[in-house]
Amino acid sequence: NYRWVIDPLDGTTNFVHNLPIFAVSIGLQYNEETILGVVYNPAAEKCFFAEKNGGAFLNGQPIYTTSTNTLSECLLITGFPYIHDDDWERCFEHFKEFYGKTQGIRRLGAASLDFCFVAMGRFDGFWEFGLKPWDVCAGALILQEAGGQVTDWDGSPMPFSGKRTLATNGHIHMAMMKTLGKKLL
């Protein structure tokens, strides 16, 4: 009934280029529900963790999402899939649309940390297409336990596959869904 979901090196390209934005991501599921998540960035000595219904923490201190409620005041984070197909092109259309509605967008290259950075209030929202279970499992729980919201782009539960991921502080979730819904991949 238990399943470990592990990414031993999220942000491989960053690691190879000595960019200190990479992590080990470990999720534990019970009956297909994530009950524990740990994301550790050894370069920065930052350990994010959460237990289902137990809150979210960074190096033992509680973390929470922002209270920003309008896109125009937000800083967002995203990533792009590796395969350069029609969906890849549409990802840039989303990027351009959000870029015009927000204070900016960053792309760091480690999805597990992207979730955690929203959880700790560094960013207000995160969206990506084409992730994998090991990219989303631990980080999604950490964000939810910090007060955030995680779904598919259409508002349904985020697929375990990580195909379409929307993760926010909760306050801007509907606005981001509306933008993403115009061009569902």
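Residues numbered from 1 in each chain as written. Predicted model: local features only at pLDDT ≥ 70, side-chain atom pairs only at ≥ 80, totals over all residues. Heavy atoms only, no water.

Enquirer: Help me understand the packing of aromatic side chains in this model?
Expert: In the structure shown here, the tally under the stated rule is eleven aromatic pairs. Considering the side-chain rings of Phe49 and Phe57, the 5.3 Å spacing of their centres and the 20° angle between planes classify their relative orientation as stacked. For Phe57, a relative accessible area of 22% puts it in the partly exposed group. Centroid distance Phe117 to Phe123: 6.4 Å. Interplanar angle 40°. Geometry classified as tilted. Under the relative-accessibility criterion, Phe117 is labelled buried at 9%. A residue is classified by how much of its surface remains accessible, and Phe123, at 5% relative accessible area, is buried. In this structure an aromatic cluster arises from ring pairing among Phe80, Phe92, Phe95 and Tyr99. Arg122 extends its terminal NZ or CZ atom over the ring of Phe117, reaching a point 4.9 Å from the ring centre. (Phe/Tyr/Trp six-rings, centres within 6.5 Å; stacked < 30°, edge-to-face > 60°. Buried < 20%, exposed > 50% of the residue type's maximum accessible area, 1.4 Å probe, protein only. Lys NZ or Arg CZ within 6 Å of the ring centre and 35° of its normal.)

Enquirer: Any chance you could explain the sheet that holds strand 5 (residues 56-58) here in plain terms?
Expert: Sheet strands pair by backbone hydrogen bonding; their relative direction is either parallel or antiparallel. Strand order in the open sheet formed by six strands is 1-2-3-4-5-6, and the pairing between neighbours is antiparallel. Two strands in the sheet have a free side with no partner beyond their single neighbour: strand 1 (2-10) and strand 6 (61-62). Two elements, strand 4 (residues 46-51) and strand 5, share three bridges in a ladder whose sense is antiparallel. Across the sheet, residue Phe49 finds its bridge partner in strand 5, namely Phe57. The strands that helix 3 (residues 111-119) touches are strand 1, strand 2 (23-30), strand 3 (33-41) and strand 4; relative to strand 3, the one it contacts most, it runs at about 100°. Running over the sheet, helix 4 (residues 133-145) touches strand 1, strand 2, strand 3, strand 4 and strand 5 and is turned about 100° from strand 3. (Pairing = 2+ DSSP bridges. Helix = DSSP H or I, 4+ residues; strand = E, 2+ residues; numbered from the N terminus. Contact = heavy atoms within 4.5 Å. Axes fitted to C-alpha atoms, helices over the stretch in contact; angles between N-to-C directions.)

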